[in-house]
Amino acid sequence: MEKLIVYGGNRLFGDIDISGAKNAAVAIIPAALMASDGTCIIDNIPDIEDVHCLERIIESLGCKIKVNTNSLTIDSSNITNLDACTEDVRRMRASYYFIGALLGRFKEARVELPGGCPIGVRPIDQHIKGFEALGATVKIEHGAVNVKADRLIGTNIFFDVVSVGATINVMLAATLAEGVTTLENAAREPHIVDVANFLNSMGANVKGAGTDIIRITGVEKLCGCNYSVIPDQIEAGTFMIAAAATGGEVTIKNVIPKHLESISAKLIEMGAEVIEQDDSVTVKSTGKLKSVNIKTAPYPGFPTDVQQPMSTLLCAAEGRSIVNESIWESRFKHVDELKKMGANVKVEGRTAIIDGAEKLTGAIVKATDLRAGAAMVIAGLIAEGKTEIHSLDHIDRGYPNIEVKFQRLGAKIHRESAEE
Ligand code: EPU
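How each quantity is defined
- Residues numbered from 1 in each chain as written.
- Predicted model: local features only at pLDDT ≥ 70, side-chain atom pairs only at ≥ 80, totals over all residues.
- Heavy atoms only, no water.
- Helix = DSSP H or I, 4+ residues; strand = E, 2+ residues; numbered from the N terminus.
- Rg over C-alpha atoms; globule rule 2.2 N^0.38 Å.
- Contact = heavy atoms within 4.5 Å.
- Areas by Shrake-Rupley, 256 points an atom, 1.4 Å probe, with all protein chains shown as cover.
- 1 Å grid on protein atoms, 1.4 Å probe; cavity = no way out; pocket = protein on both sides within 12 Å on 5 of 7 lines; lining within 4 Å.
- Points joined across faces, edges and corners; volume = space filled by probe spheres on them.
- Nonpolar A, V, L, I, M, F, W, Y, C, P; charged D, E, K, R; others polar.
- Salt bridge = Lys/Arg side-chain N within 4 Å of Asp/Glu carboxyl O.
- Buried < 20%, exposed > 50% of the residue type's maximum accessible area, 1.4 Å probe, protein only.
- Pairing = 2+ DSSP bridges.
- Axes fitted to C-alpha atoms, helices over the stretch in contact; angles between N-to-C directions.
- UniProt positions renumbered as here; feature names shortened; annotations may be inferred.
- Near = heavy atom within 4 Å.
- Polar contact = N/O pair within 3.5 Å; in protein donor to acceptor, adjacent residues only side chain to side chain.
- Sits in = over half its atoms within 2 Å of the grid points.

Caption draft 1: Representation of the overall build of the protein chain within the structure. A tally of regular secondary structure across the protein chain gives 14 helices and 26 strands. Taking 2.2 N^0.38 as the reference for a compact globule, 420 residues should give roughly 22 Å; the C-alpha atoms of the protein chain span a radius of gyration of 21 Å, in line with that estimate. Projected onto its principal axes, the C-alpha coordinates of the protein chain cover approximately 65 × 45 × 40 Å. Within the protein chain, residue pairs in contact and separated by at least 24 positions form 74% of the contacts whose partners lie at least 6 positions apart. Summed over its atoms, the accessible surface of the protein chain is roughly 15800 Å², and 48% of this surface lies on carbon and sulfur atoms.

This is the structure we're talking about:
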């Protein structure tokens, strides 16, 4: 067990490179097993625990993989096992993409129900609705999803809720279905577009990703390809907020500024300066920021995954901010930790009322989930004195080398054994 030690009060300065997008990579890796011919070479893979879990799962299914720093080579020509039921599958959320990928290619799969961050009820009814509409039988037995189809036939599917996972999962299966599938009320996140581009590089015919109607014309088979994952919108947002919170000046490189617009807009509204370049953004701030209201929403709205780091920033802004979390009902678990540091926050259902505190003070806290962990790191960076952050397994699932990246910007942060 490890913990992060943060000494607050240092302004962050310099440049930081953003890694490949976690939520794109965790869909692209399962999607790669749909290639029956050739190998997939995928670059810009983030070095995070969720990716390592997926590497172990695809190996357990019979894929051959080679890891070379941030590049992953996957040969899935000889898959021998259609049963993904391991501890790794149960631990993470994105393991549910093996259902769509295996169903598409083999018309059959057994995948244990996924885990992931404890941020609310996480049903998969929309995934199941999509698989059934394509002609599969879906049964949940002994904690696993069993899917089987004689044939998958393209059809029209209207999702009842906008779901990233359901959109990607059904898109995977539909690429190898017969005929045309139309997904309506589809999610529009940048990683949906990235997965569609990856599938098209493998020979699929997916059109409209990035809008709420995606049209997939089934093909007979998919082949290996070379691909590079897009930059991580959420990691970038986290560093933008950290720069604003500490009153520094940081250039966040290897990003797609368009994907960050909802975050940039809020930082500007608070009084920070955000300068967009071709593939980087610079955030400058005096550290004296105004309160704002936030409502999370599917892309292009303000991302729920940035809500927790943002609420730390609001704890140190002047005045009252109202944060409404519209996607997950339990995404305020970090608030109790922030309160240990002197934050003035009241949570009422899905709303947090934040009154900016004069200062935060270091304390012993924990990462209650992945983005809560990032929120605590930012809190530690602006707090007076020493902050100890425990339960780093959550942070390591989604942020590559978080302390090393912050050290490069001048933060006083290091990792040590929690037993010390
Ligand atoms: N929903 C349903 N039925 C479904 C699927 C979803 O009702 O079948 C509901 C959910 O309960 C939620 C909403 O729809 O209220 C949106 O859920 P979505 O399916 O979009 O979430 P997800 O696919 O499980 C992904 C990311 C999350 C991110 C959400 C929203 C991955 C592996 N996870 O989750 O990322 O918060 O989309 O953008 O891609 C994170 O990275 O920290 C994280 C939690």
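The structure having been displayed, the exposition proceeds.
Caption draft 2: The layout of surface pockets, seen in detail. Counted as a void, the largest pocket has a volume near 1000 Å³. Together, 46 residues line the largest pocket, and R122, V164, G165, I327 and W328 are the ones closest to its centre. Taken together, the elements giving at least two residues each to the lining of the largest pocket come down to α1 (22-32), α5 (125-133), α6 (164-175), α7 (190-201), α8 (233-246), α10 (304-315) and α12 (370-382). Residues that form the lining of the largest pocket fall into these classes: 24 nonpolar, 10 polar and 12 charged. Of the pockets and cavities examined, the second largest pocket occupies roughly 330 Å³. If you trace the second largest pocket, you find 22 residues lining it, with A245, T246, G287, A316 and I382 closest to the centre.

Caption draft 3: Spatial organisation of the pattern of salt bridges. In total, this model carries 28 salt bridges according to the counting rule given. Here K3 and E388 are joined by a salt bridge, their closest N and O atoms 3.4 Å apart. Remark: E388 occurs in strand β25 (residues 386-390) and K3 occurs in strand β1 (residues 2-7); sequence separation between them is 385 residues. No difference in accessibility class separates K3 from E388, as the two residues are buried. The salt bridge partner of R90 is E112, with a shortest N-O separation of 2.5 Å. One end of the pair, R90, is in helix α3 (residues 87-91); the other, E112, is in strand β8 (residues 108-112), and 22 residues separate them in sequence. A residue is classified by how much of its surface remains accessible, and R90, at 38% relative accessible area, is partly exposed. Taken together, the salt bridges that share partners define one network made up of E2, D396, E403 and R415.

Caption draft 4: Inspection of the sheet that holds strand β2 (residues 13-17) at higher detail. Taking strand neighbours across the sheet as the criterion, the four strands line up as β2-β17-β19-β18 in an open arrangement whose pairing is mixed. A strand with exactly one partner marks an edge of an open sheet, and here the two such strands are β2 and β18 (273-276). The mean angle between the axes of side-by-side strands here comes to 15°, regardless of whether they run parallel or antiparallel. Judged from the four bridges that link them, β18 and strand β19 (residues 280-284) form a sheet pairing that is antiparallel. Looking at β19, one finds that I275 is bridged to T282.

Caption draft 5: Spatial organisation of unusual backbone geometry. Cis geometry is adopted by the peptide bond preceding P300, which originates at Y299 and carries an omega value of 10°. With respect to the helices, strands and loops of the structure, P300 is situated in the loop between β20 (294-295) and α10. Its identity as a non-glycine residue notwithstanding, N401 has a phi of 45°, on the positive side. One can find N401 in the loop between α13 (392-396) and α14 (402-408). Exposure remark for N401: the relative accessible area of 43% places this residue in the partly exposed category.

Caption draft 6: Fine view of the UniProt feature "binding site: phosphoenolpyruvate" (unreviewed entry) in the protein chain. Following the UniProt record, one finds the feature "binding site: phosphoenolpyruvate" (unreviewed entry) at K22 and N23. Residues that both appear in the annotated list above and line the largest pocket are K22 and N23. Checked against the element boundaries, K22 lands in helix α1. Here K22 falls in the buried class, since its relative accessible area comes to 8%.

Caption draft 7: Broad picture of the pairing of β8. Of the pairings in the sheet, the one linking strand β7 (residues 83-84) to β8 comprises two bridges and is parallel in character. Along β8, the bridge assignment pairs A84 with V111.

Caption draft 8: Representation of the side chain of T181 within the structure. Considering the arrangement of structural elements, one finds T181 in strand β12 (residues 180-184). With relative accessibility at 0%, the residue T181 sits in the buried group. Setting aside chain neighbours within four positions, we find T181 in contact with L134, G154, T155, I157, A174, I214, R215 and I216.

Caption draft 9: View of the site of the ligand. Around the ligand, a shell composed of 24 residues is seen, among which S163, V164, D305, I327 and R371 lie nearest. With respect to the ligand, the backbone of G165 contributes an N or O atom lying 2.8 Å from an oxygen atom. For the ligand, an oxygen atom lies 3.1 Å from a polar atom in the side chain of W328. In the complex, 90% of the free accessible area of the ligand, which totals 830 Å², lies under the protein chains. Assessed atom by atom at 2 Å from the grid points, the ligand resides in the largest pocket. Only α1, α5, α6, α10 and α12 provide two or more residues apiece to the shell around the ligand. Of all the elements, α5 adds the most residues to the shell around the ligand, at three residues.

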